Each structure stands twice: as structure tokens, then as C-alpha cells.
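# Structural overview
One-letter residues, chain by chain:
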Amino acid sequence: MRKIAVLTSGGDAPGMNAAVRAVVRKAIYENLEIAGIFNGYQGLIDGKIELLQLGSVGDIIHRGGTMLRSARSSEFMTPEGREKAVDQLKLNGIEGIVVIGGDGSFRGAYELMKMGIPCACVPATIDNDINGTEFTIGFDSALNTVIDAIDKIRDTATSHERTFIIEVMGRDAGDLALWSGLAGGAETILIPEEDYDIHEVVERLKSGTGRGKKHSIIIVAEGVMSGGELAKMLMETANIETRVSVLGHIQRGGSPSARDRVIASQYGARAVEVLKEGRGGVAIGMQKHMVVDYPLEEVFVKRDHSVDRELYKLSKELSI
Ligand code: ADP
């Protein structure tokens, strides 16, 4: 392979820039030409492609968002759109691409792979919900943002002796809620992967108040229900008054954590190695603290990314 390209797609995540930087620098180190595709798959269809140099990715390792910008493309979901994308790759002499994004972006890459384009996929999403990898880029940074918010809310919760509900991102995956709840010392954590019993939530709150607790914090993943709905439920079930804080998009922003910068560098570099070896249809990730690559199919066929049940159990034991 002589020339490869990199794009970021779907929801952005802190650390995407560090991954782009790693891809560009590693490619040049390996004597490959490296092009940047702007605005995700839509930019590929539209030919928004530029050759990148070492200096193109200077001063971005610490920045949130993505310098290549991201997009969602409905045109790429059609066979005609994907034909245009492949034509652009050929026109530009690009022999393989690194796709940095979440599950949807990986599916797009899978379609490209079936059309004969070697793809290496780097997982970047704050949801941490990609099969086959224990950590995605952005998760650690988002986690730290949520913990910072919990600590601040805890101050006011204590001062006013209130129960707070904090709604965090995670439509299908509860990792962010679980890890932040555990690290933030929340009394109750509601995640999509586990059933909840509103009466048990009430009991926990009451037993806390009974032994003189000054505040309570409940973390709810948006996939379970909204913070507002939970507040209504608690009021209707047990006349418990709560305050709701919806963290929203601040969870996606900000400077990436040190850990995210490190794994982004490792994943990005591995993606280039994979393509240089002439392999495609590969996902990069982490298993048992080792950077690994594995067939892209495994992301979709095996549902082995499940929330850490032991951690969930521990969070319950520690928040009695
Ligand atoms: P994320 O990568 O964060 O999960 P999306 O699910 O929005 O974000 O996916 C990003 C883009 O990937 C979509 O806008 C679309 O262009 C492409 N994509 C998603 N799913 C498919 C699919 N099944 N086939 C082809 N392209 C897809």
C-alpha cells in the first residue's frame, strides 16, 4: 500500500483528534501517503479529501472534537452513495482507509469492505459500546466530565439536603452511568442492561435518610428513562421530591483525558500497521490491557460487549 486515508464519523468523542494525529504520523513514519477525508462519509462522497503532512496534525492532541469534522450521511446508506464513495477513493489513489467512529461508522466501513476497500476501524464513542473492545476512545474523558459534575452537584445536594437525579448519556449502554455512579459514590444507578424496581429505589433512599444521610444521588442512563420521568415516578410512588440535572452534550466535549490520548495513539498506530500489512475489514480495540485487532464481523455478530455485571453488583454493595 502506498496511500491511505483517515476519516472521523458519527457522534464525536474526545480523543478523536489524538487518533487522527497518530494515524497521520504513523503513516508518514511508515513512508505512506496519508489523506484526510473531511466531514465523514458525506465528505468522501463529495470528494473533500486533502493530503496531510506531519504539521497538519500539530497542536491537536489535547483538543476535543475532531479536526476532520464529523457528519452523519444518509446518502452513504444507499448503494449509489457508496458507489460514489468508492469512485472517489479510486480517483484519489487511496488504497485503504482508517475509520474512526462508533458502531454506525463501523457498519459503513463494513459495507466498504464488501466493495473491496481495506478498512481499519478505530472505536471512538463515549458510550463504550463496541463489541470486542473493553475501551473506546472518549469513554474515559466523558467519565471524568460526569464525575466532575457529580462532585459539584453533591456539594449543593449536601447543603440543601436534597436528592438529585443526574441523567447521563447512554441509550443502549450503561457503562458511563455505571462507572460514573461507582466513582461518584451514587446511591442508585439505573442502566439499560439491568431491570429496576422503583420500590427498591425508594427503599434505598429511605434507608439512607433514616440513618441521617444529608443527600442522595441517583444516576440514570438516558436509555432507561429521562431524569424528569424518574423524578415524576418517585413523586407519585413515594412523595419523594428530587432535583434533576441532565448533563447532555457537555459529556462529549472537552479536552481528552491522558488515558484517552494514550489509547487513541495506540489504536491509530495499530490501524496503520494493519493496512500496511495489506489487511482490511479489521477492528482495533483493547482486550485484557493489550491492543488487539480482530475481524470487523465480530463487532456485529457477537453481542459480547455487555456491561460489567460484577461492577454493577459492587456498586450496589457499596451504596447500602
Ligand atoms: P456512530 O458511528 O457514532 O455510531 P452513526 O450511527 O450516526 O454514528 O453512523 C455514522 C454514519 O455511518 C451514518 O451517518 C452513515 O453514513 C454510516 N452508516 C451507519 N450505519 C450504516 C450502514 N448500515 N450502512 C452504511 N453506512 C452506515
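Treat the numbers as computed from the prediction; the structure is a model and nothing was measured.

Turning our attention to the UniProt feature "binding site: ATP" (unreviewed entry) in the protein. Per the UniProt entry, the sites bearing "binding site: ATP" (unreviewed entry) are Gly11, Arg72, Ser73, Gly102, Asp103, Gly104 and Ser105 in this numbering. Across 95 residues, the annotated set stays spatially compact, with a maximum C-alpha separation of 14.1 Å. Of the annotated set named above, Gly11, Arg72, Ser73, Gly102, Asp103, Gly104 and Ser105 line the largest pocket. Residue Ser73 is classed as buried on the basis of its relative accessible area of 12%. Excluding residues that lie within four positions of it along the chain, Ser73 makes contacts with Tyr41, Gln42 and Ile45. Side chain to side chain, Ser73 and Gln42 meet in a polar contact 2.6 Å long. If you trace the backbone, Asp103 turns up in helix H4 (residues 103-114). Residue class for Asp103 comes out partly exposed when judged on its relative accessible area of 23%. Excluding residues within four positions of it along the chain, Asp103 makes contact with Ile130, Val299 and Phe300.

For the structure shown, the criterion picks out 21 salt bridges. Between Glu111 and Arg82 there is a salt bridge whose closest N-O contact spans 3.7 Å. Of the two residues, Glu111 is situated in helix H4 and Arg82 in helix H3 (residues 79-91); the sequence distance between them amounts to 29 residues. With relative accessibility at 11%, the residue Arg82 sits in the buried group. The residue Lys232 makes a salt bridge to Glu236 at a minimum N-O spacing of 3.8 Å. You can see Lys232 and its partner Glu236 sitting in helix H8 (residues 227-238), 4 residues apart, about one turn around the helix. Judged by its relative accessible area of 61%, Glu236 falls in the exposed class. One network of salt bridges, with partners in common, ties together Lys26, Glu30, Arg270, Glu273, Lys276, Glu277, Arg279 and Asp293.

Mapped onto the elements of the fold, Gly170 is located in the loop between strand E6 (163-168) and helix H6 (175-183). Looking at Gly170, the relative accessible area reads 0%, which means it is buried. Here the alpha-carbon distance between Gly170 and Pro192, two residues 22 residues apart in the chain, equals 8.2 Å.

On to the layout of surface pockets, then. For the largest pocket, the calculated volume is near 930 Å³. Taken together, 35 residues make up the lining of the largest pocket; nearest its centre are Arg72, Gly102, Asp103, Gly104 and Ser105. No other element matches the 6 residues that H4 contributes to the lining of the largest pocket. Tallied by class, residues from the lining of the largest pocket come to 9 nonpolar, 12 polar and 14 charged.

Attention now moves to the site of the ligand. The environment of the ligand is formed by 16 residues, the closest being Gly11, Arg72, Ser73, Gly104 and Ser105. In the model, an oxygen atom of the ligand is placed 2.9 Å from a nitrogen or oxygen of the Gly104 main chain. Taking Ser105, its side chain carries an N or O atom lying 2.5 Å from an oxygen atom of the ligand. When the ligand sits alone it has 560 Å² of accessible area, and the protein chains cover 79% of it. Because more than half of its atoms lie within 2 Å of the grid, the ligand is assigned to the largest pocket. With 6 residues, the single largest contributor to the shell around the ligand is H4.

The rules behind the values
- Residues numbered from 1 in each chain as written.
- Predicted model: local features only at pLDDT ≥ 70, side-chain atom pairs only at ≥ 80, totals over all residues.
- Heavy atoms only, no water.
- UniProt positions renumbered as here; feature names shortened; annotations may be inferred.
- 1 Å grid on protein atoms, 1.4 Å probe; cavity = no way out; pocket = protein on both sides within 12 Å on 5 of 7 lines; lining within 4 Å.
- Buried < 20%, exposed > 50% of the residue type's maximum accessible area, 1.4 Å probe, protein only.
- Contact = heavy atoms within 4.5 Å.
- Polar contact = N/O pair within 3.5 Å; in protein donor to acceptor, adjacent residues only side chain to side chain.
- Helix = DSSP H or I, 4+ residues; strand = E, 2+ residues; numbered from the N terminus.
- Salt bridge = Lys/Arg side-chain N within 4 Å of Asp/Glu carboxyl O.
- Points joined across faces, edges and corners; volume = space filled by probe spheres on them.
- Nonpolar A, V, L, I, M, F, W, Y, C, P; charged D, E, K, R; others polar.
- Near = heavy atom within 4 Å.
- Areas by Shrake-Rupley, 256 points an atom, 1.4 Å probe, with all protein chains shown as cover.
- Sits in = over half its atoms within 2 Å of the grid points.

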